[in-house]
Amino acid sequence: MPAVTVENPLTLPRVTAPTDAVARPVLAVTTAPGGFEGEGFPVRRAFAGINYRHLDPFIMMDQMGEVEYAPGEPKGTPWHPHRGFETVTYIIDGIFDHQDSNGGGGTITNGDTQWMTAGSGLLHIEAPPEHLVVSGGLFHGLQLWVNLPAKDKMMAPRYQDIRGGSVQLLTSPDGGALLRVIAGELDGHAGPGITHTPITMIHATLAPGAEITLPWREDFNGLAYVLAGRGAVGAERRPVKVGQTAVFGEGSSLVVRADERQDANTPDLEVVLLGGQPIREPMAHYGPFVMNTREELQQAFEDFQKGRLGTVPAVHGMSEQGPQG
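None of these values were measured; they are calculated from a predicted model.

Parameters at a glance
- Residues numbered from 1 in each chain as written.
- Predicted model: local features only at pLDDT ≥ 70, side-chain atom pairs only at ≥ 80, totals over all residues.
- Heavy atoms only, no water.
- Helix = DSSP H or I, 4+ residues; strand = E, 2+ residues; numbered from the N terminus.
- Rg over C-alpha atoms; globule rule 2.2 N^0.38 Å.
- Buried < 20%, exposed > 50% of the residue type's maximum accessible area, 1.4 Å probe, protein only.
- Contact = heavy atoms within 4.5 Å.
- Areas by Shrake-Rupley, 256 points an atom, 1.4 Å probe, with all protein chains shown as cover.
- Lys, Arg positive; Asp, Glu negative; His and termini not counted.
- Charge placed at Lys NZ, Arg CZ, Asp CG, Glu CD.
- 1 Å grid on protein atoms, 1.4 Å probe; cavity = no way out; pocket = protein on both sides within 12 Å on 5 of 7 lines; lining within 4 Å.
- Points joined across faces, edges and corners; volume = space filled by probe spheres on them.
- Nonpolar A, V, L, I, M, F, W, Y, C, P; charged D, E, K, R; others polar.
- Salt bridge = Lys/Arg side-chain N within 4 Å of Asp/Glu carboxyl O.

A. Spatial organisation of the overall build of the protein. When its secondary structure is counted, the protein shows 3 helices and 26 strands. The C-alpha radius of gyration of the protein comes to 19 Å, within 12% of the 20 Å expected for a compact globule of 325 residues. Here the protein, with 325 residues, has 56% of them falling under the buried criterion. Within the protein, contacts between residues separated by at least 24 positions form 74% of all contacts whose residues are at least 6 apart in sequence. Accessible area for the protein stands at about 13400 Å²; split by element, carbon and sulfur atoms hold 51% of it. Put simply, the protein has 23 plus and 37 minus side-chain charges, and the middle of one group is 5 Å from the middle of the other.

Take a look at the structure:
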């Protein structure tokens, strides 16, 4: 799980919460069910079973892989529409090409993030490049959906291609953790992602036995999803392991600790930390559309069916048929 690493974390700025910070209690720990997305790549549904009041402004998150594909096996998604929210695709291992009906697109690989503000709507496709389909290889990533407030739901679509080298790197006082700030800010250190709804997104790697206590905005919610390894969360040290999400209550700091012993194939604890300012607006969600009312959902479907969200380009750099295996 390379993403972005450094030889010596102690060369990085160090972050810790003030001594008077109030550690957030752990309200719940849930286990993500497995499933398949797109043309058949395996996912874990990180937020399944969590009440939306604890997630707002986040809608859903899938852990894609971790999977080692044989030659001919890598899969993506066919062309599909979006409206009313943002998709954040973070690639930890492997390569993904993406393209939209507005002519946008690109390639993201180890540690890169593609931040797509769907806004008023577009068609989109994500798939591994042809050479990866031929060779096979490791694939692992996340896709997070972030809601947009009503005032921004019909804004013009926008992309941010965030290269792994641009993320803000931080560490804990003893250098036992590497913190990658992808969006938002932590203790005054801002990540490169520009967000419409105030959020923070961090990928943290904790060495065995390491512990972090991070300052956390009191007006944000708090979530921790374990990508790999074993550890504990909260001052009460609630156990967590790969595929589990911890939901935090109110307070001004988050506590995460890695177990002294990790699995043989997972040297460290890998965790995604999320916080956001709740939008607190009605949400109508169906499939690829996230609006405020049922009527707006119906309009989105009608606009899609009538081609108002764009059309699939006749010629493009990605196979509409998907990989052949």
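B. Geometry of empty space enclosed by the protein. A complete count under the given rule lists 1 cavity of 30 Å³ or more for this structure. Volume-wise, the largest cavity comes out at about 40 Å³. Ala224, Val226, Val233, Val240, Ala246, Val256, Leu269 and Val271 are the residues that line the largest cavity. Going through the elements one at a time, strand S19 (222-228) and strand S24 (269-276) are the ones with two or more residues in the lining of the largest cavity. Across the lining of the largest cavity, the residue classes tally to 8 nonpolar, no polar and no charged.

C. Seen up close, the pattern of salt bridges. Scanning the model with the defined rule gives 12 salt bridges in all. Glu211 is the partner of Arg257 in a salt bridge, and the nearest nitrogen-oxygen pair spans 3.7 Å. Of the two residues, Arg257 sits in strand S23 (residues 253-258) while Glu211 sits in strand S18 (residues 211-215), which places them 46 residues apart along the sequence. Ionic pairing is found between Asp219 and Arg217, a salt bridge with its closest N-O pair at 2.7 Å. One network of salt bridges, with partners in common, ties together Arg83, Glu302, Asp303, Lys306 and Arg308.

These results come straight from atomic positions and should not be treated as a statement about function.
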